[in-house]
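What follows is the residue order along each chain.
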Amino acid sequence: AQTVTQSQPEMSVQEAETVTLSCTYDTSESDYYLFWYKQPPSRQMILVIRQEAYKQQNATENRFSVNFQKAAKSFSLKISDSQLGDAAMYFCAYRSAGTASKLTFGTGTRLQVTL
Amino acid sequence: GAGVSQSPSNKVTEKGKDVELRCDPISGHTALYWYRQSLGQGLEFLIYFQGNSAPDKSGLPSDRFSAERTGGSVSTLTIQRTQQEDSAVYLCASSLGALPHNEQFFGPGTRLTVL
């Protein structure tokens, strides 16, 4: 079974600064997808960024980018130019490349953004 | 509707009572997922529907939990004889298909409190 570990329960960043959230995972599969989701107080999970394991290039979405290290099974999220609206819980998730596969989530990192 | 909706938003019940939680997926989405988020934990997969059938029920924690989906649309998660450990946020997600690149769109969840 796959597992996802987020070792940082809480992180804090000043507005306009950069922060990196860590995620490691364990799998014996060679093809899979990795995700970062944001969960604001409204509880609705929002997809931030997605990485396909067979792609070597790190995914980027505006101020959000990932550092995907397949051999190390590491998938960190970098948020640049942090904004107050980035404050939320962030979850790392894994999904097998087969059909009908579920998401496996880490326990989350609470990000605080300070002025 | 524009997104996944869930009802009720909050539910308080007494131990031993049955509860029904409803999920309305995005129109046209054939895949539907239920997840549970306990306090301080990540999301835990419960069950997956493709159309009206449930190929993967592996996450249901006990036989007190059941779910159905009718007309390939609305889904209901039923918890019988609720226990205090059932207290959690129950999230529903839908996607256009079940392939891993099909994004799962989440609803706002139902917060269940069992007294």
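Residues numbered from 1 in each chain as written. Chains lettered and ligands numbered in written order. Predicted model: local features only at pLDDT ≥ 70, side-chain atom pairs only at ≥ 80, totals over all residues. Heavy atoms only, no water.

(A) Inspection of the interface of chain B and chain A at higher detail. Contacts between the two partners involve 27 residues from chain B, matched on the other side by 23 residues from chain A. Buried area between chain B and chain A, both sides added, is near 1900 Å², and the carbon and sulfur share of it is 52%. When the buried surface of chain B facing chain A is broken down by residue, Leu43(B), Pro100(B) and Phe106(B) rank first, second and third, together holding 30% of it. Our count for the chain B to chain A interface comes out at 0 salt bridges. Counting across the chain B and chain A interface gives 12 residue pairs in polar contact (both at pLDDT 80 or more). At the level of secondary structure, the elements contributing two or more residues to the side of chain B that touches chain A comprise strand 4 (31–37), strand 5 (43–50), strand 9 (88–95) and strand 11 (110–114) of chain B. Partitioning the side of chain B that touches chain A into residue classes produces 13 nonpolar, 12 polar and 2 charged. (Contact = heavy atoms within 4.5 Å. Buried area = accessible area lost by both parts, 1.4 Å probe. Salt bridge = Lys/Arg side-chain N within 4 Å of Asp/Glu carboxyl O. Polar contact = N/O pair within 3.5 Å; in protein donor to acceptor, adjacent residues only side chain to side chain. Helix = DSSP H or I, 4+ residues; strand = E, 2+ residues; numbered from the N terminus. Nonpolar A, V, L, I, M, F, W, Y, C, P; charged D, E, K, R; others polar.)

(B) Representation of the sheet that holds strand 7 (residues 65–69) of chain B in the model. Residue and element names in this part refer to chain B. The sheet built from 4 strands is open, its strands ordered 1-3-8-7 with antiparallel pairing. Looking at the sheet topology across the chains shown, the edges are occupied by strand 1 (5–7) and strand 7. On average, adjacent strands in this sheet sit at an angle of 15° to one another, irrespective of strand direction. As paired strands, strand 7 and strand 8 (residues 75–79) are joined by 5 bridges and run antiparallel to one another. When the sheet's bridge partners are listed, Ser 66 is paired in strand 8 with Thr 78. (Pairing = 2+ DSSP bridges. Axes fitted to C-alpha atoms, helices over the stretch in contact; angles between N-to-C directions.)

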